[in-house]
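# Chain and residue survey
These are the residues of each chain, in order.
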Amino acid sequence: MGKIIAVANQKGGVGKTTTAVNLAASLAATKRKVLLIDLDPQGNATMASGVDKYQVHATCYELLIEEQSVEEVVVKETSGLYHLLAANTDVTAAEIKLMEVFAREQRLKNSLAPVKDYYDYIIIDCPPSLNMLTVNAMTAADSVLVPMQCEYYALEGLTALMDTITKLTSVVNEGLHIEGILRTMYDPRNRLANDVSEQLKRHFGDKVYRSVIPRNVRLAEAPSFGAPAMYYDKSSTGAKAYLALAGEVIRRNDSSKKAVTQKPADVNITE
């Protein structure tokens, strides 16, 4: 079965979209079948995938209000070599409409059910807030990957996120758990960053990834060229860090076996 990972943090500016895009691209580079879902109405993950959010034929809006299926909405050609469910400002309207429907928190989970076995990994880029879109992501996900900067306010945000996950576990998704905590924009010369890093390792142990994402100008530049870092500058420290993270994610999930090559009979997705 495919693994669904929500990349989430209620605090903005922590490298959430950068992580979702570059992790998806790095996993795809290992010959895994990957679907990236952009649930943020800003559509940054869509643009960073080389897809024009203003010209895309359909978005998560059509998916969430059940006008179209994943097979009808998915974008198969991206700069990261993964499949994409795009987003733009229309997704904000989907959040409003979801408030009026029954079992609204289950919409994404139900939509993904027919294709979950087709993909090895489904990565969800969540909005930087707790809203109905994020709740849909958490309900559909098997686990949550938390990117965070090693600074004081980030620790407070992590505490709030953990409380949110605990509440959602008891209400909508009892199997939801922390996939891992990723240290982003890390500068080893910064004493506070080192102190916070040590606190994370003491409190969360092996949930903290060994891979660390450094501050890297290539990671910041890549989205403006519509490509993940590994296709913008594969020799950059940022690109190498996300490849290392992908390897760690794969090892943690016992996914080093042969990738699935046959799609289920009821799924109409072609390469």
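Note: the structure precedes this text.
Overview of the structure. Position labels on residues start from 1 in each chain and follow its written sequence. It should be noted that, the model being predicted, local features are given only for residues of pLDDT at least 70 and side-chain atom pairs only at 80 or more, the latter also being counted only at that level, while totals for whole chains, interfaces and linings use all residues. To get the side-chain values, take all heavy atoms of the structure and skip hydrogens and water.

### With respect to the packing of aromatic side chains
Pairs were defined over the aromatic rings of Phe, Tyr and Trp, the Trp ring being its six-membered one, requiring ring centres within 6.5 Å. Orientation was assigned from the angle between planes: stacked under 30 degrees, edge-to-face over 60, tilted for the rest. Per the counting criterion, the structure on display carries two aromatic pairs. Ring geometry for Tyr118 versus Tyr119: centroids 4.9 Å apart, planes at 90 degrees, classification edge-to-face. One exposure class covers both Tyr118 and Tyr119, and it is buried. Note on Phe225 and Tyr232: the rings are 4.8 Å apart at their centroids and 25 degrees apart in plane angle, and the pair reads as stacked. A residue is classified by how much of its surface remains accessible, and Tyr232, at 27% relative accessible area, is partly exposed. Relative accessibility decides the category of a residue: with a 1.4 Å probe and only protein chains considered, values under 20% of the type maximum give buried, values over 50% give exposed, and everything between is partly exposed.

### Here we look at helix α1 (residues 16–29)
Each helix is a run of H or I in the DSSP string that is no shorter than four residues. Each strand is a run of E no shorter than two, and both are numbered from the N terminus. Given the number of residues in a helix, its expected span is that number minus one, multiplied by 1.5 Å. End to end, α1 covers 20 Å across 14 residues, agreeing with the expected 20 Å (1.5 Å per residue, within 8%). Counting buried positions over the 14 residues of α1 gives 12, a clear majority of the element. Those residues of α1 that sit buried are Lys16, Thr17, Thr19, Ala20, Val21, Asn22, Leu23, Ala24, Ala25, Ser26, Leu27 and Ala28. Positive backbone phi, at 75 degrees, marks Lys31, one or two positions downstream of α1.

### Comments concerning the nonpolar core
Working definition of a nonpolar core: buried Ala, Val, Leu, Ile, Met, Phe, Trp, Tyr and Cys residues. They are joined through side-chain atoms within 4.5 Å. Membership of the largest hydrophobic core comes to 55 residues, with the highest contact counts inside it found for Ile37, Leu39, Leu85, Leu108, Leu112 and Ile124. Per-element accounting of this core gives the leading share, seven residues, to helix α8 (residues 152–171). The contact criterion used throughout is that any non-hydrogen atoms of two residues lie within 4.5 Å. Once residues lying within four places of it in the same chain are set aside, the contact partners of Ile124 are Ile4, Ile5, Ala6, Val7, Ile37, Leu39, Leu108 and Ala137. Counting 36 residues, the second largest nonpolar core, distinct from the first, contains Tyr82, Ile123, Met230 and Ala241.

Such coordinate-based values are descriptive only and should not be taken to indicate function.
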